[in-house]
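The chain contents come next:
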Amino acid sequence: MSFASPRSSVHWSDLAHPVVAGLISVIVNYGGTFILVFQAAKVAGLSPELTASWVWSVSIGVGITGIILSCAYREPIITAWSTPAAAFLVAALATTTYEEAVGAYLMSAMAFVLLGLSGWFERVLRLIPAGVAAGLLAGILLQFGIDAFGGMSIDPVLAGVLIGAYATFKRFSARYAVVALLILGLAFLMFQDRLNLSALRLELAAPVFTAPEFSLNALLSLSLPLFMITLTRQYMPGMLVLRNEGFRTSANPIVTVTGLGSVLMAPFGSHAFNIAAITAAICTGREAHEQPSKRWIAGVAAGVFYILVGVFGVTLASVFMAFPATFITTLAGLALLGTIGGSLASAMAEAETREASLITFLAAAANITLLGIGGAFWGLVIGLIAHGVLNGRWPKRALRPSGSIVSSGGRAK
C-alpha cells in the first residue's frame, strides 16, 4: 500500500516521536560509522583543518538535502554519507593525492546527477517485486537486530537494561517506547559515569576549498568504484526502505538532488552523500509516527541535527563516537525491531512468492561480497533470479490429441 502525503497541519504533539527518531538515526550514523572518515583522513595525511572541512561539508550537505527532500515530498527522505565509500577510501586515498580525490568526488557526483535526470534508476526499481524488496530489507537489517542482543556478551548490564526497558515500555506505552529508551539509556550512561561531557567545547568549523585535479587514474581507481559502491550499497537499499514502508517518491529527484549536493560540497572534502538505508529505516516505520503522513518530520529533524554537527565540526561528531559501542548497536537494533518484523511479515505474506522472498532474505542476511560489491546488491540479484525461476511465466505448451506437444507457435515438437 502506498501512502499519500497530504499537506496536513503539524501540531506540537506530532513532534516528539519523529524528532527522537531523527536524533537516533544521527547518533547511530556518527557513532557507528563516522570513524571511517577519520581513518581515511589520517591515511590521506589531511591536516586538522581539512579533516574538519570534510566533517563540515558532508554533515551540512546531508542535512540540507534531507530537509529539502523531506519537505518537498512530505516523506521521511533521510540522506547520509556513503559509509561503504568511506571504507573504500581508507585504502584508496593512500595512493591518490587529495586534489585528485576531490576531482574523483566531483566526477562521481556528476554521474549521479545524470543518472537521476535520465530516469533509468526509477524504471529499474519498479521492476522489483514487493516480496523480494521486503525480504531484501529484512535481510539487510537482520544483523542489526542480532547485534541488539549480541551486546549481552560484551556489556551485559547496559544491554540488559536497554532490552528490559524496551520490553517494559512497549508493554505499557508502545507509542513512547523508543523516546523513553533513548532518555533512559543516556541517563544510565551518565549514572555509570560513561558519558563525560565536561571537556566538551563547541568550536565552529571552517570550510576549506580545495581545487580539484582530474586524471585518468583517479577516474578509474576512485571515481568509478565510488559510483558503483554508492549505487549498489546505498541508493538501491535506501530506495527499497522507502518503498517497503509504502512511500512512493520517485528515485529520480532524490538521486538528482543528492548528486547536485555532492557536486557543491566535493571541493570542501565531501566524498559522497546519498539516500540513507539502515538509519533511514529508523525514521520510516511506525516508531517514528503512527501516521505515515507525519513521518517526514523525522527527515527534517535528522537534517537539523546533521547541520548542528556540521557547524561545530569535529566536536559533536566526537561526542557521538564516544558513546559505548554496545549502546549504539543495542539502541539501533531495538529501534529497528518494528521495521524488521514488518518487512518479514510482508515478505512472507503471499504464499506464491514466499520462497523467493525467503531466499532473498537469507541471501541478503549472508552479506555476500563478490567483485568488491556488497551483500545488498547480491541479495537482490539472487532474489530476482529466484523469483524469476519460481514465479516467472514460462512459454505455454499444449498437447495434441495424439499426445504430441504443440508449442504456442503451433509446430509439433
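Since the structure is predicted, the reported quantities are computational estimates derived from the model, not experimental observations. (Residues numbered from 1 in each chain as written. Predicted model: local features only at pLDDT ≥ 70, side-chain atom pairs only at ≥ 80, totals over all residues. Heavy atoms only, no water.)

Counted as a void, the largest pocket has a volume near 910 Å³. Taken together, 36 residues form the lining of the largest pocket, with T33, T83, F144, R233 and I278 sitting closest to its centre. Along the lines of polarity and charge, the residues of the lining of the largest pocket split into 21 nonpolar, 13 polar and 2 charged. (1 Å grid on protein atoms, 1.4 Å probe; cavity = no way out; pocket = protein on both sides within 12 Å on 5 of 7 lines; lining within 4 Å. Points joined across faces, edges and corners; volume = space filled by probe spheres on them. Nonpolar A, V, L, I, M, F, W, Y, C, P; charged D, E, K, R; others polar.)

This paragraph deals with the packing of helix α5 (residues 98-118) against helix α11 (residues 251-265). At their nearest, the axes of α5 and α11 sit 7 Å apart, and the two run at 155° to each other. Between α5 and α11, the interaxial angle falls into the category roughly antiparallel. For the pair α5 and α11, the sense of crossing is left-handed. Mapping the contact onto sequence places L106, A109, M110, F112, V113, L115, G116 and L117 in α5 and N252, V255, T256, G259, L260, S262 and V263 in α11. In the contact of α5 with α11, the residues fall into 10 nonpolar, 5 polar and no charged. (Axes fitted to C-alpha atoms, helices over the stretch in contact; angles between N-to-C directions. Helix = DSSP H or I, 4+ residues; strand = E, 2+ residues; numbered from the N terminus. Parallel < 35°, antiparallel > 145°, perpendicular 65-115°, else oblique. Left-handed = near helix turned anticlockwise from the far one by under 90°. Contact = heavy atoms within 4.5 Å.)

There is a patch of nonpolar side chains on the surface, built from L216, L219, L220, L224 and M228 and spanning about 460 Å² of accessible area. Note that L224 resides in helix α10 (residues 216-244). (Patch = residues over 30% accessible without salt bridge, like charges linked within 9 Å, V, L, I, M, F, W, Y side chains within 5 Å. Areas by Shrake-Rupley, 256 points an atom, 1.4 Å probe, with all protein chains shown as cover. Salt bridge = Lys/Arg side-chain N within 4 Å of Asp/Glu carboxyl O.)

Two numbers describe how helix α3 (residues 48-73) lies on helix α13 (residues 296-311): the axes approach to 7 Å, and their chain directions differ by 160°. Taken together, the axes of α3 and α13 lie roughly antiparallel to each other. Regarding α3 and α13, the two cross each other, and that crossing is left-handed. Touching V55, W56, S59, I60, V62, G63, I64, G66, I67, S70 and C71 of α3 are W296, G299, V300, G303, V304, Y306, I307, V309, G310 and V311, all from α13. Of the residues assigned to the contact of α3 with α13, the class counts are 14 nonpolar, 7 polar and no charged.

A few words now on empty space enclosed by the protein. Space left empty within the atom packing is revealed by a probe, the size of a water molecule, rolled over the atoms. Applying the stated criterion to the full structure yields 2 cavities of 30 Å³ or more. Reported here for the largest cavity is a volume of approximately 40 Å³. Around the largest cavity, the lining residues are Y105, S108, A109, F112, T230, Y235, S262, H271, A272 and F273. For the lining of the largest cavity, the leading source of residues is α5, giving 4 residues. In the lining of the largest cavity, the residues fall into 6 nonpolar, 4 polar and no charged.

So, about the nonpolar core. Among the nonpolar cores identified, the biggest contains 108 residues, and W54, F121 and F327 are the most heavily contacted of them. With 11 residues, the single largest contributor to this core is α10. Discounting chain neighbours no more than four positions away, the residues touching F327 are L158, L162, L182, G185, L186 and L189. (Core = buried A, V, L, I, M, F, W, Y, C linked by side-chain atoms within 4.5 Å. Buried < 20%, exposed > 50% of the residue type's maximum accessible area, 1.4 Å probe, protein only.)

Looking now at the side chain of T256. Tracing the backbone shows T256 in helix α11. In contact with T256, not counting residues within four places along its chain, are V113, G116 and L117.

Nothing here speaks to function; it is geometry throughout.
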